[in-house]
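Listed below, chain by chain, are the residues.
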Amino acid sequence: MAAFDPVIGTLLDTDLYKLTMMQEILHHHPETRAEYTFKCRNVPELPLAPLRAEIDAQLDHLCGLRFTEDELAYIGGLRFIKSDFVDFLRLFQLQRRFIEVSIPEDRPDDLDIRVRGPMLHCMLFEIYVLAIVNEVYFRQFPAAPALAEGRRRLADKLATLREVPARRFPFIFFDFGTRRRFSRVWHDEMIATLARDATPYMRGTSNLSLARKHGLTPIGTMAHEYLQAFQSFGSRLRDFQKNALEHWVHEYRGDLGIALTDVVGTDAFLRDFDLYFCKLFDGLRHDSGDPFDWGEKVIAHYERHRIDPSTKQLVFSDALTLPRALALYAHFADRARTAFGIGTNLSNDCGHEPLQIVMKLTRCNGQAVAKVSDSPGKGMCEDPNFLSYLCHVFGVENK
């Protein structure tokens, strides 16, 4: 029997935005209970169900990990992290009883992974679970040829960077690939290569462990789950986005100023993103729908509020490739500052079809919550009645 090889070796092997959202929940909504649901959006080359036993073993190992004092010192050194949150993390340990892996009766090749419990003790599971499922899945394929192909494709990407057009603002990109990486080892090698050979374009990574190891800036603010949770926090449903943004501003006082726009679609978001929020936030992040249309809408929105778009940042992060990022850069970078979070195409471009897996918040405080994406198929809600009501309240199409 092969020796056990842990996918996650440290709790720092996660994305920054999990901790920034977690800190806000600790300070303002510590009593919140949540449920997260795993979903694979494509049909894998090999079935996921046979991986159940290995995934369970990896989760057992994960739930034995704690943050070390060196790691806590690193987290506490980020200026927007507060000392009481570091104290909370010093005591923190993921609880195995909050996560369950099963095989659905109606989908015998698939996996059903559910996390249920206090949000503070459940929200960190997402990135670890997705990284575990990915790596356990891709361990079924020979590693050497995949890594060789990954290196070849990465070299092609580096060559592409020699053709960056000159624009008013510089081209910058980040690694957003932790959730869907081919493996932990490849992710580390890829980041090391970019940190060495992709300057000045490569500016950071969402992964805290790799940012610390390679001297990079950790990147991230908020994800969909943060705004979705406010659908259950007692304000009028129509006001949940404004309530979430207001709490974020109160927590971070000018730091972490990139807001996510597509929890109920960009048009509905911009109706709530008034002059007050336009001035308070540094920019916006795109994660679904046509990115060129989105950028034009955002620039027009700033101009309607008499704000110079060149003082704001447009962050693109939806299924990006480097050529796609460069095309967006050429289109927008004379009018606004741009940045590009590239995920799967950096961390899992090794010759095999990536898994399109997500783990989304589906219930909060006993009620359904929803994401209504600008891209059909990227939304997620398990209660069609709530989804219809949400779409009605915001005047958006249920895609």
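Scroll up to find the structure.
To keep things clear, this report deals only with the structure shown in the data block. (Residues numbered from 1 in each chain as written. Predicted model: local features only at pLDDT ≥ 70, side-chain atom pairs only at ≥ 80, totals over all residues. Heavy atoms only, no water.)

## With respect to the overall build of the chain
From N to C terminus, the chain includes 17 helices and 12 strands. Relative to its length of 399 residues, the chain is compact, with a C-alpha radius of gyration of 20 Å against a globular reference of 21 Å. Taking all 399 residues of the chain together, the buried fraction comes to 59%. Summed over its atoms, the accessible surface of the chain is roughly 16,100 Å², and 50% of this surface lies on carbon and sulfur atoms. Taking the average place of the 49 positive charges on the side chains of the chain and the average place of its 54 negative ones, the gap between the two points comes to 3 Å. (Helix = DSSP H or I, 4+ residues; strand = E, 2+ residues; numbered from the N terminus. Rg over C-alpha atoms; globule rule 2.2 N^0.38 Å. Buried < 20%, exposed > 50% of the residue type's maximum accessible area, 1.4 Å probe, protein only. Areas by Shrake-Rupley, 256 points an atom, 1.4 Å probe, with all protein chains shown as cover. Lys, Arg positive; Asp, Glu negative; His and termini not counted. Charge placed at Lys NZ, Arg CZ, Asp CG, Glu CD.)

## Description of helix α4 (residues 83-91)
Of all the positions in α4, only F85, V86, F88 and L89 are classed as buried. Viewed along the axis of α4, the buried residues span an arc of 155°, placing them on a single side of the element. Exposed residues lying more than 90 degrees from the buried face of α4 are S83 and L91. Check the buried side of α4 and you find it contacts α1 (16-28), α3 (69-76) and α5 (119-122). (Arc of directions from axis to C-beta. Contact = heavy atoms within 4.5 Å.)

## Some points on the side chain of T20
If you trace the backbone, T20 turns up in helix α1. Reaching out from T20, the side chain makes a polar contact with the backbone oxygen of Y17 at a distance of 3.1 Å. If near-sequence neighbours (up to four positions away) are discounted, T20 is found in contact with F80, T221, W248, Y252 and L256. (Polar contact = N/O pair within 3.5 Å; in protein donor to acceptor, adjacent residues only side chain to side chain.)

## Concerning the pattern of salt bridges
Applying the stated criterion to the full structure yields 34 salt bridges. The closest approach of N and O atoms between E35 and R116, which form a salt bridge, is 3.4 Å. Of this pair, E35 sits in strand β1 (residues 33-40) while R116 sits in strand β3 (residues 112-118), placing them 81 residues apart in sequence. Owing to a relative accessible area of 12%, E35 belongs among the buried residues under this scheme. Since its relative accessible area comes to 41%, R116 is described here as partly exposed. In this structure, R152 and D156 form a salt bridge, with 3.2 Å as the shortest nitrogen-oxygen distance. With R152 and D156 both in helix α7 (residues 143-160), this residue pair falls 4 residues apart, about one helical turn. With a relative accessible area of 44%, R152 lands in the partly exposed category. What emerges from the salt-bridge pattern is a single network uniting E149, R152, R153, D156, K157 and D349. (Salt bridge = Lys/Arg side-chain N within 4 Å of Asp/Glu carboxyl O.)

## Description of the sheet that holds strand β6 (residues 217-218)
Reading across from one edge, β6-β5-β4-β10-β9-β8-β7 is the order of the 7 strands in this open sheet, with parallel pairing throughout. The sheet terminates laterally at β6 and β7 (258-260), the two strands that pair on one side only. Judged from the 3 bridges that link them, strand β4 (residues 173-175) and strand β10 (residues 337-342) form a sheet pairing that is parallel. By the bridge assignment, F173 is partnered in β10 with F340. Packed on one face of the sheet, helix α15 (residues 322-332) meets β9 (313-316) and β10 and runs near 170° to β10. (Pairing = 2+ DSSP bridges. Axes fitted to C-alpha atoms, helices over the stretch in contact; angles between N-to-C directions.)

## Considering the nonpolar core
In summary, soluble globular proteins display a tendency toward joint burial of nonpolar side chains. Counting 139 residues, the largest nonpolar core has M22, L62, L89, F171, F173 and F273 as the members making the most contacts within it. By residue number, the principal contributor to this core is helix α6 (residues 125-138), which donates 11 residues. Excluding its chain neighbours within four sequence positions, the residues that come into contact with M22 are F85, F88, L89, F92, L120, M123 and L124. Of all hydrophobic cores here, the second largest spans 6 residues; its members include I172, I219, I258 and V315. (Core = buried A, V, L, I, M, F, W, Y, C linked by side-chain atoms within 4.5 Å.)

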